[in-house]
Amino acid sequence: MSNSGKLIIFAAPSGAGKSSLIKKIIKDSENNLELSVSATTRLPREGETHGKDYFFITEKEFNELKSNQAFLEFAEVHGHQYGTIKSFVDEKLEEGIHVILDIDVQGFTQIQKAIIKDIISIFIIPPSLDELKKRLVLRGLDSNDVIDKRLENARKELEQAENFDYLVLNDDFNMAYNEIASIIFDKDYEYNVTNNKNILEDLLN
């Protein structure tokens, strides 16, 4: 039996609660689950550490890595490049550590083409688009125009949700957490496939 770790991919529309769920699952994982550290060309923000929050590199270094096909996935966001370094992920998996990738559906499409044995992909869905909008407004981080853009992107992302192995509804945080824990750690908890698929269909209609 292989002792290598699993690559666990999380994606979700902005405001679906993905980050909070990831933080809790890592906290409760007894050190055998880590969030992947991405490379980025943007400058560190206050309090961020190289190698912990991101690998901060130059445009030239990033492009060289890209040319050498060193990334599992990469994207440009707000004028800066971000990417997941293959060697970093491979090293962790070989150590038996499960690695979480917090990425968008575009990144997931790229990773599907990579040859990695144990991949689990989880898409977090909100109970409704109205609820998603309410969460984005309450978060207080974005203008109305940005919120409208995030909701427009959410509809596009939800159209790709069925390409993931699992759909997890984040209506009740604890229930969503229990579903994710059961998926990752093979725990005995009922995973409500039919209900989650029905909610996705409602979101898309």
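Okay, so let's go over this structure. (Residues numbered from 1 in each chain as written. Predicted model: local features only at pLDDT ≥ 70, side-chain atom pairs only at ≥ 80, totals over all residues. Heavy atoms only, no water.)

1. What to know about the layout of surface pockets
Here comes step 1: Of the pockets and cavities examined, the largest pocket occupies roughly 1,800 Å³.
Here comes step 2: Taken together, 48 residues make up the lining of the largest pocket; nearest its centre are Lys18, Tyr54, Val77, Asp102 and Ile103.
Here comes step 3: Contributing elements (two or more residues each) for the lining of the largest pocket: helix 1 (18-27), strand 5 (71-77), strand 6 (80-85), strand 7 (98-102), helix 4 (105-111), helix 5 (129-139) and helix 6 (144-158). (1 Å grid on protein atoms, 1.4 Å probe; cavity = no way out; pocket = protein on both sides within 12 Å on 5 of 7 lines; lining within 4 Å. Points joined across faces, edges and corners; volume = space filled by probe spheres on them. Helix = DSSP H or I, 4+ residues; strand = E, 2+ residues; numbered from the N terminus.)

2. Focus on unusual backbone geometry
Here comes step 1: Of note, the phi angle at Gln69 is positive, near 55°, even though the residue is not glycine.
Here comes step 2: Counting through the fold element by element, Gln69 comes out in the loop between helix 2 (59-67) and strand 5.

3. Thoughts on the side chain of Glu157
Here comes step 1: Relative to the helices and strands, Glu157 is located in helix 6.
Here comes step 2: Buried charge without a salt bridge: Glu157, with Lys18 as the nearest opposite-charge side chain at an N-O distance of 7.4 Å.
Here comes step 3: Once residues within four sequence positions are removed from consideration, Glu157 is found in contact with Ala12, Pro13, Ser14, Val105 and Phe123. (Buried < 20%, exposed > 50% of the residue type's maximum accessible area, 1.4 Å probe, protein only. Lys, Arg positive; Asp, Glu negative; His and termini not counted. Salt bridge = Lys/Arg side-chain N within 4 Å of Asp/Glu carboxyl O. Contact = heavy atoms within 4.5 Å.)

4. A short note on the packing of helix 5 against helix 6
Here comes step 1: Look at helix 5 against helix 6: their axes get within 11 Å of each other, and the N-to-C directions meet at 140°. Considering the angle they form, helix 5 stands oblique to helix 6. When you trace helix 5 past helix 6, the crossing you get is right-handed. Judged by residue contacts, Leu129, Leu132, Lys133, Leu136, Val137 and Arg139 of helix 5 engage Ile147, Arg150, Leu151, Ala154, Arg155 and Leu158 from helix 6. (Axes fitted to C-alpha atoms, helices over the stretch in contact; angles between N-to-C directions. Parallel < 35°, antiparallel > 145°, perpendicular 65-115°, else oblique. Left-handed = near helix turned anticlockwise from the far one by under 90°.)

5. Overview of the pattern of salt bridges
Where charged atoms of side chains with opposite charge meet at close range, the side chains can pair.
Here comes step 1: Counting across every chain of the model gives eight salt bridges.
Here comes step 2: Taking the shortest distance from any N to any O, the salt bridge between Glu152 and Lys149 comes out at 3.9 Å. Placement of the pair is Glu152 and Lys149 together in helix 6, with a separation of three residues, close to one helical turn.
Here comes step 3: Since its relative accessible area comes to 44%, Lys149 is described here as partly exposed.
Here comes step 4: One continuous salt-bridge network, built from bridges that share partners, spans Glu131, Lys134 and Arg135.

6. A word on helix 5
Here comes step 1: When helix 5 is considered as a whole, its buried residues turn out to be Leu129, Leu132, Arg135 and Leu136. Projected down its long axis, helix 5 shows its buried positions confined to an angular sector of 115°, all on one face. Facing away from the buried side of helix 5 by more than 90 degrees, the exposed set consists of Asp130 and Leu138.
Here comes step 2: Each element contacted by the buried residues of helix 5 is listed here: helix 6 and helix 8 (193-204).
Here comes step 3: Looking at the residues trailing helix 5, positive phi occurs at Gly140, about 65°. (Arc of directions from axis to C-beta.)

7. Quick notes on the sheet that holds strand 8 (residues 119-125)
Here comes step 1: Taking strand neighbours across the sheet as the criterion, the five strands line up as 2-7-1-8-9 in an open arrangement whose pairing is parallel. At either margin of the open sheet sits one strand with a lone partner, and together these are strand 2 (33-35) and strand 9 (166-169). Neighbour to neighbour, the strand axes of the sheet diverge by 25° on average, direction disregarded.
Here comes step 2: Packed onto the sheet, helix 7 (residues 173-185) meets strand 1 (7-11), strand 2, strand 7, strand 8 and strand 9 and runs at close to 155° relative to strand 9.
Here comes step 3: Helix-sheet contacts for helix 8 involve strand 8 and strand 9, and the interaxial angle to strand 9 is about 80°. (Pairing = 2+ DSSP bridges.)

Everything listed here is a matter of coordinates, which is why it stays silent on function.
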